[in-house]
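Fold and contact review
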Amino acid sequence: MGRFDATGGYRRFVYTAAERECRDWFTQEARRRDLSVEADRNGNLWAWWGDRTAGDAIATGSHLDSVPDGGAFDGPLGIVSAFAAIDLLREAGDQPRRPIAVAAFAEEEGGRFGVACLGSRLLSGAITPERARGLTDDSGVTFAEAMAAAGGDPEGIGADDKLLSRVACYVELHIEQGRALIDMDAPVAVGRAIWPHGRWRMDFTGRADHAGTTRLDDRADPMLTYANTVLAARKKARLADAVATVGRVFCEPNGTNAIPSAVRAWLDARAPRPESLDQVVAELKRATETRAAKDGTHVAFTEESFSSEVVFDAALRDRISGTLHSAPVLGTGAGHDAGVLASRIPTAMLFVRNPTGISHAPDEHAELDDCLTGAQALAEVLRELAC
Ligand code: HGY
Ligand code: MN
Ligand code: MN
C-alpha cells in the first residue's frame, strides 16, 4: 500500500489516501481477530484483545506512515508482527490474564508535518496541541485541517493520561535500520537505547538578482551559504563522532538564470552521546553565521523536532532478554514511538535483521524467515508479560 512504482519506494503520509488505506487494513485485521478498535484523541489506532479498561495492558505495535520513498518494513513490520504474534498465542491456546493492545501511532516519521513521532508526542504530552495543530505540510495544509478532513477532531488532541494509565508497558518490534544483526549473524535483537537526535530548519536569505549580469563581488547568494553549511555539517559530524544529514531543500524562486532569494533546508543530526550532538549543532550554527556574514546573506536556525537520549527500561529489557535467551542487545540512531513513550511508561524494542542494512529507502528488506522469527519472539515476549 502506498508504493510509488516509479521508485519502488513507499509514500504513506499521515491523513493521505495511502495511509488511509493502511488504517482501513489495520481495522479489518483487528476485526478479523475480534479485537475492538479505537482511534484515540490524537489519531493513533488501538486494537484491544481483552478488557481495554482493565488498566494493565501490554501494548505492542508501531506505525503505518513512511518517509518519502521509504521501505516496506519500517513501521508496518511491527504492526503485522503484532497481529501475527496474537495469532500464535491463540494457536497455542494462551489466555492472557491482562489485555494486549496493538497500536498504530500517527505521523511517526514526521514525513508530512515535520515533527517526528507526532502521535505519540501528543499522547504523552511531549508537544502542545496548539503547536501540533499549526504544523503545516509543504502545500501549507495544517495538521488540524488534515486531521479534520480525515474525520478527526483537532480541537480534541492533547495528552491522554487516562489512556496511558491503562497501559503497563509498550514493546515495539521494528526492522533493524543498520547492519549489526548481519554482522552478528542473529535474526532478532533487543533494544538498549536510542541516540539523542533532532531536526533543525535552516533559512538562508540573500538578494535575488540576474545570474549573468551580477558581478560575483556584488552578490548575496544564499545558495553559497547553504552549500558551505552542508559541507561544514559533514565535517563537524565526523570530528564529533556524530552523523549529520541534509536531505531536504527548497530554493526560491528556483530559476536557472536567477540568483536565489532564499534557500530553506533541514538538518538532521544525531550522536551516540548528547554532548557530541550539542557540539555539532553549536559549531555548525557558528560556522554558518560566519559564512553568511562573508556572503552578505542571513541564516536562521529553528529547532523543529528534538529527542533526548533514551535508555529503555532496564527491568523490562532484562525480562525480555531473559525470554529471548540468545538475542543480542543493540543501541540505535533511529527514533521510535517507543522512545517517546519511554518518558511516561516502561518501553522496549525488538529489532529484526535487515540483510541490506538500508532503511528509509526502497532497498530496505527483511527475509520472511527472519520476519517469522521476529513474530515468534514477540509472541514469546507477550506470553511472558501478559499470560
Ligand atoms: O528518523 C527516524 O529515526 C525514525 O525512522 N523516525
Ligand atoms: Mn523510519
Ligand atoms: Mn519506524
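Here's a quick rundown of the structure. These figures come from a predicted structure and were not determined experimentally. (Residues numbered from 1 in each chain as written. Chains lettered and ligands numbered in written order. Predicted model: local features only at pLDDT ≥ 70, side-chain atom pairs only at ≥ 80, totals over all residues. Heavy atoms only, no water.)

Points about the pattern of salt bridges
Summed over the entire model, instances satisfying the criterion amount to 28 salt bridges. Here arginine 20 and aspartate 24 are joined by a salt bridge, their closest N and O atoms 3.3 Å apart. Taken together, the residues span about one helical turn, with arginine 20 and aspartate 24 both in helix H1 (residues 17-32) at a distance of four residues. Note on arginine 20: relative accessible area 39%, which makes it partly exposed. Measuring nitrogen to oxygen at the nearest pair gives 2.6 Å for the salt bridge that ties aspartate 138 to arginine 248. Taken together, the positions of aspartate 138 in the loop between helix H4 (129-134) and helix H5 (143-149) and arginine 248 in strand S11 (residues 243-252) put the pair 110 residues apart, joining distant regions of the chain. Bridged by salt links that share partners, the residues Glu29, Arg32, Arg33 and Asp87 form one connected network. (Salt bridge = Lys/Arg side-chain N within 4 Å of Asp/Glu carboxyl O. Helix = DSSP H or I, 4+ residues; strand = E, 2+ residues; numbered from the N terminus. Buried < 20%, exposed > 50% of the residue type's maximum accessible area, 1.4 Å probe, protein only.)

Observations regarding the packing of helix H10 (residues 314-323) against helix H12 (residues 368-386)
Between H10 and H12, whose axes approach to 9 Å, the crossing angle comes to 120 degrees. Here H12 runs oblique to H10, going by the angle between their axes. For the element pair H10 and H12, the recorded crossing hand is right-handed. Only Glu380, Val381, Glu384 and Leu385 of H12 make contact with H10, whose side of the interface consists of Leu316, Arg319, Ile320 and Thr323. The residue inventory of the contact of H10 with H12, partitioned by class, reads four nonpolar, one polar and three charged. (Axes fitted to C-alpha atoms, helices over the stretch in contact; angles between N-to-C directions. Parallel < 35°, antiparallel > 145°, perpendicular 65-115°, else oblique. Left-handed = near helix turned anticlockwise from the far one by under 90°. Contact = heavy atoms within 4.5 Å. Nonpolar A, V, L, I, M, F, W, Y, C, P; charged D, E, K, R; others polar.)

Concerning the coordination of the manganese ion (ligand 2)
Summarising the metal site, the manganese ion (ligand 2) is bound by the protein donors Asp74 (OD), Glu109 (OE), Glu109 (OE) and His360 (NE2), whose distances to it range over 2.0 to 2.8 Å. Considered as a linear motif, the donors of the manganese ion (ligand 2) on their single chain read D-x34-E-x250-H. Distance-wise, the manganese ion (ligand 3) is placed 3.4 Å from the manganese ion (ligand 2), both being coordinated by aspartate 74. Of this pair, aspartate 74 sits in the loop between strand S5 (57-63) and helix H2 (76-91) while glutamate 109 sits in the loop between strand S6 (100-105) and helix H3 (118-124); the two residues are 35 residues apart in sequence, bridging distant segments of the chain. Here the two residues aspartate 74 and glutamate 109 agree in accessibility, since each one is buried. (Donors = N, O, S within 2.8 Å, 3.2 Å for Na, K, Ca; no water.)

Notes on the nonpolar core
Phe26, Ile320 and Leu350 are the most contacted members of the largest nonpolar core, which has 42 residues in total. In terms of residues, this core owes the most to one element, H12, which gives eight residues. Ignoring anything within four residues of it in the chain, the contact list for leucine 350 reads Val171, Glu172, Leu173, His174, Ala189, Val190, Ile320, Leu324, Ala377, Leu378 and Val381. Ranked by size, the runner-up nonpolar core spans 24 residues in total, among them Trp46, Trp48, Ala103 and Phe351. (Core = buried A, V, L, I, M, F, W, Y, C linked by side-chain atoms within 4.5 Å.)

A few points about H10
Those residues of H10 not exposed but buried are Leu316, Arg317, Ile320, Ser321 and Thr323. An end-on view of H10 places all buried positions within 155 degrees of arc, on one side of the element. Against strand S7 (167-175), strand S8 (188-194), strand S16 (329-332), strand S17 (347-352) and H12 lie the buried residues of H10. The distance from a side-chain oxygen at the start of H10 to the backbone nitrogen of alanine 315 is 3.3 Å, and the residue carrying that oxygen is aspartate 313. (Arc of directions from axis to C-beta. Polar contact = N/O pair within 3.5 Å; in protein donor to acceptor, adjacent residues only side chain to side chain.)

Quick look at the coordination of the manganese ion (ligand 3)
Six octahedral donors around a metal ideally sit at 90 or 180 degrees from one another, while four tetrahedral donors ideally sit at 109.5 degrees. Ligation of the manganese ion (ligand 3) by protein atoms is provided by His63 (NE2), Asp74 (OD) and His174 (NE2), these donors lying 2.1 to 2.2 Å from the ion. Positions of the donor residues of the manganese ion (ligand 3), expressed as sequence spacing, correspond to H-x10-D-x99-H.

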